[in-house]
Amino acid sequence: MNCIHPIKRQRGLATVLIVLLVGVSMTAIAMGLASSVKSTQHKQTAVHAATHAQSAAWSAVTIFREYLKTRDYEDVSVMTVGDEIPISIAGSSLTLNASIVAVDNALKDSDGIKVTVNIRAVDNAARASSSIQVVYRVANTVCDLCQLLEANLDLYDDTNLGGDIQIKLPPGGTSKVNVDGDVNALSIALEGVTYLNATGNVTLGSQVPLQEVFTNGNLTLGGSANVDKASALGTVTSFDNGRADLIYANGDLLLGGGAVDVANTLGSVSITNWALHGSIIAQGDVEVNSPVQKVHSRGHIVLNAWADARDIVTEKTLSCPNSSWNMFDNLVAEIELINCPDTSATVREGTDVNVPLMDELQPFTRVRPTIDAWAVKSDANYVFEFTGGHIRVTVKNVNSIADGAYYLADYPNGDGRGHKDYLCDAVDGSGQCTSPAVPTHTLCQGQSTYDSCFSYDAISKSWTIDSKNIVPGVVWFDGDLTLSNGEYYNTFIVTGDISTMGAMKTYAPNYIGYNAICTLAYPQNPSADYTGLYPTQLCNIAESALNYTPLTNIVLMAGGYDPFAGGNYRGGDITLSASNELFGNVLAGNHLDTNGDTIVHGYISAAATKNGSGTNDLGGKTVLDLENLPPSYRPEEIPNFDGGSCTSTCNPPAEGAEVLWSRYL
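First things first, this report covers the structure right here in the doc. Only a predicted model underlies this, so the values are computations on that prediction, with no experimental measurement involved. (Residues numbered from 1 in each chain as written. Predicted model: local features only at pLDDT ≥ 70, side-chain atom pairs only at ≥ 80, totals over all residues. Heavy atoms only, no water.)

### A look at the sheet that holds strand E3 (residues 113–123)
The strand order across the open sheet built from five strands is E1-E2-E3-E4-E58, with neighbouring strands paired in antiparallel fashion. The open sheet has two free edges, formed respectively by strand E1 (84–87) and strand E58 (657–664), since each of these has just one partner strand. For this sheet, the mean inter-axis angle between neighbouring strands, taken without regard to orientation, is 25°. (Pairing = 2+ DSSP bridges. Helix = DSSP H or I, 4+ residues; strand = E, 2+ residues; numbered from the N terminus. Axes fitted to C-alpha atoms, helices over the stretch in contact; angles between N-to-C directions.)

Dropping the structure here:
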């Protein structure tokens, strides 16, 4: 019995210990749960604060992009690395700023400026921050590096179109001829012109089919002219077989030609021919001497004896041939019927009439392109000038020839072979080369080794090129130029006038492409004498590609503001004669004349910068061939001639600034 009593007492102590251990465990669990809840709350608060700061940082990324879009393109290019640009949001506790890390102008002209920026957002209330590094690309949306030609044939001053004129188009293509002045197209075969716009009077005759004509002056349709739609701020007159399906005019209509389907005018109408016309709606008076389906007018209407008129309605008076005349379906006059059949369901007077009219036509406006040879002198690979009785050639950006001024002269070396038109450091009194720059650096291939390619007449200040070809690149001449025979791979820029002779082909660099310009793989008459003489600003040898510049869309360009003649405009006339084929744009600062057989694979512009000095005359056979143009050639783009290089497309991205990539710091 004595052994049992201690064990019973120990049973109570064990129970107490178990309860105590359970209590401690529960306390630990409770404290752990409380700590976990508090930690989760802290994490949620931190995540919420960080998320708010990150959201603010991304908002700052967008705000800075919009800021870059408001900056001038040149200002962006000179932003200073390390600059801190604050960003503020009204009523916010956020502190935002942008730090410029890098400004990359390497592809400024072609692909835009890359700006690297660190964006930092601090939420002062939450004591949280977030930083993002962003690379933006800023494009030149002003597009001030080039001009856009408004039409395939873009002419200023009065223009005479004759002979055989044709525009060849790709499938589904349209063409446009714009003229700032009068247009006379009488003895002509015209094909492929979709739109003809003019600021002056337009006279069309012979076989002239057009989809649409618009003129700020008067339009005359004669001969066999056939127009789908004709619009004139002045009058429209037709005679012989001249006609238009649809006519809009602010002025009067004098219809004496072929049938018209629909005519709308804010003036009066006189129909004198015998043709079945469709619908005529006029604001002024109408006199009808021919069958017509419908005449609605706000003016007086007179129907003469032989009129066959179906639906006639006027807000004023209607005069019929006689009271027994019955060649009509409906006669309505708001004021009075004169000498008409008795009133009936189809003959009414005193009835309210409302004739809706066409909207008034607004003038066609032009933006004259600037064409200035002097502005791009510094962009030429070869500048030809006559000074001190000798031909001087200034070379720039030509591989294997140091930039500088040279003489062009013969190089006799006693081998019995002619050596004409070589670059020389010095010449003697007879014009012979006494110190050749490098004997192999001739600039051309003559018709034979004994024939010079270049000649200069000091009295007329005119140059002549007659050769197989010359070195590729941009070639600039001070004076007039006659380009004869040969096949050339150049942009020719002339301060005076240009004329062509003989059988001649010339390719603009952008048209002929990399191989001919940069590897000198000429399609015709390649020459080992030209080895290595390629224009470095045009040739990307590493990528076997031609660098794009609007200047080399041009094949011929004439005229400019002469700094040695008080800034007055000199030259600018281009005359294309004999047999020419030109692959590129033709830009005449003044006027254009064509005769013989001329094919231009590109756009033509004649700017008439010397106002009132003559006309444009296109005759013979003139073809604008716009089929199968290479992608490297963009005929609608020409330089803005601001005196600097032009190396960018005229079609920048719609956004002025965009985010290329980003990362958290």
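### Brief notes about the packing of aromatic side chains
Tallying each qualifying case throughout the model produces 20 aromatic pairs. Pairing Tyr511 with Tyr633 gives two aromatic rings, centres 5.3 Å apart and planes at 55°, and the pair type is tilted. You can see Tyr511 sitting in helix H3 (residues 509–512) and its partner Tyr633 sitting in the loop between strand E56 (621–625) and strand E57 (637–639), a full 122 residues away along the chain. Relative accessible area serves as the criterion here: at 4%, Tyr633 is assigned to the buried category. A network of ring pairs unites the aromatic residues Tyr489, Tyr507, Tyr511, Tyr522, Tyr530, Phe583 and Tyr633 as a single cluster. A cation over an aromatic ring shows up here: Arg366 above the ring of Tyr156, its NZ or CZ 4.2 Å from the ring centre. (Phe/Tyr/Trp six-rings, centres within 6.5 Å; stacked < 30°, edge-to-face > 60°. Buried < 20%, exposed > 50% of the residue type's maximum accessible area, 1.4 Å probe, protein only. Lys NZ or Arg CZ within 6 Å of the ring centre and 35° of its normal.)

### A word on the pattern of salt bridges
If you walk through the whole model with that rule in mind, you get 17 salt bridges. Asp154 is paired through a salt bridge with Arg366; the nearest N and O atoms lie 2.3 Å apart. A residue pair is termed long-range when its members are at least 10 positions apart, and Asp154 in strand E6 (residues 153–156) and Arg366 in the loop between strand E28 (347–349) and strand E29 (382–387) qualify at 212 residues. Summarising the burial analysis for this pair, Asp154 and Arg366 share the class buried. (Salt bridge = Lys/Arg side-chain N within 4 Å of Asp/Glu carboxyl O.)

### Focus: the state of the cysteines
Per the counting criterion, the structure on display carries four disulfides. Paired by a disulfide, Cys444 and Cys453 hold their sulfur atoms 2.1 Å apart. Disulfide Cys444-Cys453: torsion about the S-S bond near 95°, hence right-handed. For the residue pair Cys444 and Cys453, the accessibility class agrees, reading buried in each case. Here Cys518 engages in a disulfide with Cys539; their sulfurs sit 2.0 Å apart. With the S-S bond torsion at -90°, the cross-link from Cys518 to Cys539 turns out left-handed. A residue pair is termed long-range when its members are at least 10 positions apart, and Cys518 in helix H4 (residues 514–518) and Cys539 in strand E44 (residues 539–540) qualify at 21 residues. The pair Cys518 / Cys539 is uniform in exposure class, with both members buried. (Disulfide = S-S within 2.5 Å.)

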